[in-house]
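An overview of the molecular structure
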Amino acid sequence: VYQGDGTPVPDAMLEIWQADSDGRIPEVRGSLHRDGHAFTGFGRTATNDDGRYLFWTRDPGSVGGGAPFIALVVFARGLPDKLHTRIYLPDDEAALAADPLLASLPPEDRATLIATRAADGGLRHDIRLQGEKETVFLAY
């Protein structure tokens, strides 16, 4: 997570919500006390001094035929309210092209919502709170 000038935000908190691998919305009650078995679709973490964050989860499946994504909420000092955005998986270009939200955005804004796949299979997604390459945030 980065500020507009590119400096990391060392004390942001992020929450994710997502479908399971089959595209089902979990109905298991989520909490910070996990049973080690049930997939709740929810996670919360803080950034470190370098603005990095990490979630261990599975790739979400498509919900209703749309492009798979993880819903992300950012809480950080200096924000009057939380920020909502999405992290789209980069793997299905046809699904990304057909996604209504992504299709409504210019290419440079669309790119701020699509993660990159690392060699180990994980995802990398930078959040920029403002400035050049600012992440697209959603109003609710």
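The structure reproduced in this document is the subject of the present report. As the structure is a prediction and not an experimental result, all values here were calculated from the model.

1. Quick look at the environment of Gly 66
If you trace the backbone, Gly 66 turns up in the loop between β2 (42-46) and β3 (69-75). A relative accessible area of 26% places Gly 66 in the partly exposed class. Gly 66 sits 29 residues away from Ala 95 along the chain, and the two C-alpha atoms are 6.4 Å apart.

2. Details of the side chain of Gln 18
Within the fold, Gln 18 resides in strand β1 (residues 13-18). When its relative accessible area of 5% is taken as the criterion, Gln 18 is described as buried. There is a polar contact of 2.7 Å between the side chain of Gln 18 and the backbone oxygen of Arg 58. Among all residues touching Gln 18, those that are not within four sequence positions of it are Pro 26, Phe 39, Gly 41, Thr 57, Arg 58, Asp 59, Pro 60, Phe 69 and Ile 70.

3. Side note on the environment of Asp 11
Within the element layout of this structure, Asp 11 appears in the segment before β1. Residue classification places Asp 11 among the partly exposed positions, given a relative accessible area of 43%. In this structure, the C-alpha to C-alpha distance between Asp 11 and Arg 77, residues 66 residues apart in sequence, is 7.6 Å. With residues near it in sequence (within four places) discarded, Asp 11 still touches Thr 47 and Arg 77.

Cut-off values and rules
- Residues numbered from 1 in each chain as written.
- Predicted model: local features only at pLDDT ≥ 70, side-chain atom pairs only at ≥ 80, totals over all residues.
- Heavy atoms only, no water.
- Helix = DSSP H or I, 4+ residues; strand = E, 2+ residues; numbered from the N terminus.
- Buried < 20%, exposed > 50% of the residue type's maximum accessible area, 1.4 Å probe, protein only.
- Polar contact = N/O pair within 3.5 Å; in protein donor to acceptor, adjacent residues only side chain to side chain.
- Contact = heavy atoms within 4.5 Å.

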